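The residues making up each chain are set out below.
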Amino acid sequence: MRFEKKDILDIDSLSCEEITYILDTARGMKEISQRAVKKVPTLRGKTIVLFFQEPSTRTKMSFELAGKRLSADTVAISKSSSSIVKGETLRDTVRTLEAMKPDIIVMRHSCSGAACQVAKWVQCSVINAGDGTHAHPSQALLDMMTIQEEKGGFEDLKVSIVGDVSHSRVARSNIIGLSRMGAKVTICAPGTMIPVGIEQMGCTVARDMDTCVADADVVMMLRIQKERQGSLLFPSEREYSTLYGLNPARLAMAAKDALVMHPGPLNRGVEISTLVADGKQSVILDQVTNGVALRMALFYLVAGGSRNADSN
């Protein structure tokens, strides 16, 4: 198929066929990172701007590595180094960036919908690297890539997502994407961390973690996002860990070959124990590895790689 999208803004706008095509492309890209010389000339001459208005380690670095491994020129801009701190509007900032003729802007912002708005303002491609509590499409796609590698597919897989769902763009993107691909998604969290009407996205809500994790093929843990909560939504970290933390005893309730996932950063001893995070069932570092390949695939596709291949 030809990939026609200019932007990658959320999972909801991607069809099953498009998701499958992205994952297939990412598998091909993964081989590049295993070479002695981890670089190909695919995007030579292209310019990618990493416009991150929130702190990031994994996402920002993997996008930067992805661009470099495809030979693109990458430029990183943070909130503290942009004119936004001087009072410049977001629109003026991105229009200024566009005037320098980048090909792709990768954007992370604290406001939900910011990336969608920016995509309307500029002609270059925009990839959403996380906007508020709305969406984090590349994270969900790399999670799906990891699950597909380990399980072979998604149909009828039981995926349990546990943690601060209310403030998690990762949870929302995964619920939509995994459900669309045929998985059965169950979520669990304190009542204060479950959005009203979340079931409409395609998941079910478990009353307790034991029920949620039982017989699960994948257990995805989320961290408590204190920076977004405003006020603490649970009595204490100790109580939270007791009721909603993933430890070896709780993991034993899942399927014997269940995968343990986490988008990072981890709060060890709170939502996940060290024994589980570093255990044999953990694919947390595989998620990080796949993140580079997946983001290489996104760069290649929005830059017209599939269309160019077809024309040749």
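Criteria and thresholds
Residues numbered from 1 in each chain as written. Predicted model: local features only at pLDDT ≥ 70, side-chain atom pairs only at ≥ 80, totals over all residues. Heavy atoms only, no water. Helix = DSSP H or I, 4+ residues; strand = E, 2+ residues; numbered from the N terminus. Rg over C-alpha atoms; globule rule 2.2 N^0.38 Å. Buried < 20%, exposed > 50% of the residue type's maximum accessible area, 1.4 Å probe, protein only. Phe/Tyr/Trp six-rings, centres within 6.5 Å; stacked < 30°, edge-to-face > 60°. Lys NZ or Arg CZ within 6 Å of the ring centre and 35° of its normal. Pairing = 2+ DSSP bridges. Axes fitted to C-alpha atoms, helices over the stretch in contact; angles between N-to-C directions. Salt bridge = Lys/Arg side-chain N within 4 Å of Asp/Glu carboxyl O. Expected span 1.5 Å × (residues − 1). Arc of directions from axis to C-beta.

Student: Run through the overall build of the protein chain, naming residues and quoting values.
Tutor: Within the protein chain one finds 13 helices and 9 strands. Over its C-alpha atoms the protein chain spans a radius of gyration of 19 Å, differing by no more than 12% from the 20 Å that the globule rule assigns to 312 residues. If you line up the protein chain on its principal axes, its C-alpha atoms span 55 × 45 × 35 Å. Taken over 312 residues, the protein chain has a buried fraction of 55%.

Student: Explain the packing of aromatic side chains to me, using residue names and the numbers behind them.
Tutor: According to the stated counting rule, one finds 2 aromatic pairs in the structure shown. Here the aromatic rings of Phe 63 and Phe 299 are separated by 5.7 Å at their centres, their planes lie at 50°, and the arrangement is tilted. Within this pair, whereas Phe 63 is found in helix α2 (residues 58-69), its partner Phe 299 is found in helix α12 (residues 284-302), the two being separated by 236 residues in sequence. For the residue pair Phe 63 and Phe 299, the accessibility class agrees, reading buried in each case. Plain terms: the ring middles of Tyr 240 and Tyr 244 are 5.5 Å apart, the flat faces sit at 35° to each other, and that makes the pair tilted. One end of the pair, Tyr 240, and the other, Tyr 244, are both in helix α9 (residues 237-244), 4 residues apart, so they sit about a helical turn from each other. Over the ring of Phe 63 we find Arg 295; its NZ or CZ atom is 4.8 Å from the centre of that ring.

Student: Go over the sheet that holds strand β6 (residues 184-188) with me, naming the residues and quoting the values.
Tutor: Here we have 5 strands laid out as an open sheet, ordered β7-β6-β5-β8-β9, and parallel in their pairing. What marks the edges here is a single partner per strand, and that holds for β7 (203-205) and β9 (259-261). Put simply, the sheet's adjacent strands are angled 20° from each other on average, direction ignored.

Student: Give me the lowdown on the pattern of salt bridges, citing residues and values where you can.
Tutor: For the structure shown, the criterion picks out 12 salt bridges. With a closest N to O distance of 3.0 Å, Arg 250 and Asp 210 form a salt bridge. Taken together, the residues Arg 250 in helix α10 (residues 248-251) and Asp 210 in helix α7 (residues 209-213) connect sequence positions 40 residues apart. Taking the relative accessible area as the measure of exposure, Arg 250 reaches 12% and is therefore buried. In this structure Asp 210 comes out as partly exposed when scored by relative accessible area, which is 32%.

Student: How would you sum up α2? Please name residues and give values.
Tutor: In a regular helix each residue adds 1.5 Å, so 12 residues correspond to 16 Å; α2 covers 16 Å between its end C-alpha atoms and thus fits that length. Looking only at α2, the buried set comprises Thr 59, Ser 62, Phe 63, Ala 66, Gly 67 and Arg 69. End-on, the buried residues of α2 take up no more than an arc of 170°, which puts them together on one face.

Student: Residues and numbers for the sheet that holds strand β2 (residues 73-78), please.
Tutor: Taken together, the 4 strands give an open sheet; going across it, the order is β2-β1-β3-β4, and neighbouring strands pair in parallel fashion. Two strands bound the open sheet, and with one partner strand each, they are β2 and β4 (125-131). The mean angle between the axes of side-by-side strands here comes to 15°, regardless of whether they run parallel or antiparallel. Relative to β4, strand β3 (residues 104-109) runs parallel, the two sharing 5 bridges. What sits directly across from His 109, in β4, is Asp 131.

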